[in-house]
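Structural features, examined
Spelled out from the first residue to the last, the chains are:
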Amino acid sequence: MATNKNLRVCEKGHEFYKSSDCRSCPICDKENKPQSGFLSKLSSPARNALIHEGIETLQELSKYTEKEILKLHGIGPASIPLLRASLEEEGLEFKK
Ligand SMILES: [Zn+2]
């Protein structure tokens, strides 16, 4: 069987096969982009506010109303459209 995939080891020691010269490690990629990737789009005060509240996933976020989220210290009105868009991407929405 012809194979053009090479075993690679990333700087963290993950072993993975890649056929291209792309050096990005799929395991690291996954660790860097958890399900809560929407948090990375927020400003750090807003992100910290959500994490402090235990909201680290969009599923968690969808259990709250916009008003409840706005009340959190660190969340500004500018964060809401961003959060709403992230929810919509997953087919979710703020609690009504
Ligand atoms: Zn890695």
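As shown above, the structure is provided for reference.
Fair warning: this is a prediction, and the values are worked out from it, not measured in the lab. (Residues numbered from 1 in each chain as written. Predicted model: local features only at pLDDT ≥ 70, side-chain atom pairs only at ≥ 80, totals over all residues. Heavy atoms only, no water.)

Considerations on the overall build of the protein
- On a plain count of helices and strands, the protein comes out with five helices and two strands.
- In sequence order, the protein lays out its α and β elements as β-β-α-α-α-α-α.
- Counting over 96 residues, the protein shows a buried share of 30%.
- Surface accessibility of the protein: about 6900 Å² in total, with carbon and sulfur atoms responsible for 50%. (Helix = DSSP H or I, 4+ residues; strand = E, 2+ residues; numbered from the N terminus. Buried < 20%, exposed > 50% of the residue type's maximum accessible area, 1.4 Å probe, protein only. Areas by Shrake-Rupley, 256 points an atom, 1.4 Å probe, with all protein chains shown as cover.)

Quick word on the coordination of the zinc ion
- Coordination sphere of the zinc ion, protein contribution only: Cys 10 (SG), His 14 (ND1), Cys 25 (SG) and Cys 28 (SG), at 2.0 to 2.4 Å.
- One chain supplies every donor to the zinc ion, and in sequence these donors are spaced C-x3-H-x10-C-x2-C. Here the residue Cys 10 occupies a position in the loop between strand S1 (6–9) and strand S2 (15–18), and Cys 25 occupies one in the loop between S2 and helix H1 (26–32), the gap between them amounting to 15 residues. Per residue, the accessibility class of Cys 10 equals that of Cys 25, and both read buried. (Donors = N, O, S within 2.8 Å, 3.2 Å for Na, K, Ca; no water.)

Focus: the nonpolar core
- Ranked by size, the top nonpolar core spans 17 residues in total, and within it Leu 50, Leu 61, Ile 69 and Leu 83 carry the most contacts.
- Looking at this core, the elements that each hand over two or more residues are helix H2 (44–52), helix H3 (58–61) and helix H5 (79–89).
- Leu 61 has contacts with Phe 38, Leu 50, Ile 55, Ile 69, Leu 83, Leu 87 and Phe 94, leaving out every residue within four places of it along the chain. (Core = buried A, V, L, I, M, F, W, Y, C linked by side-chain atoms within 4.5 Å. Contact = heavy atoms within 4.5 Å.)

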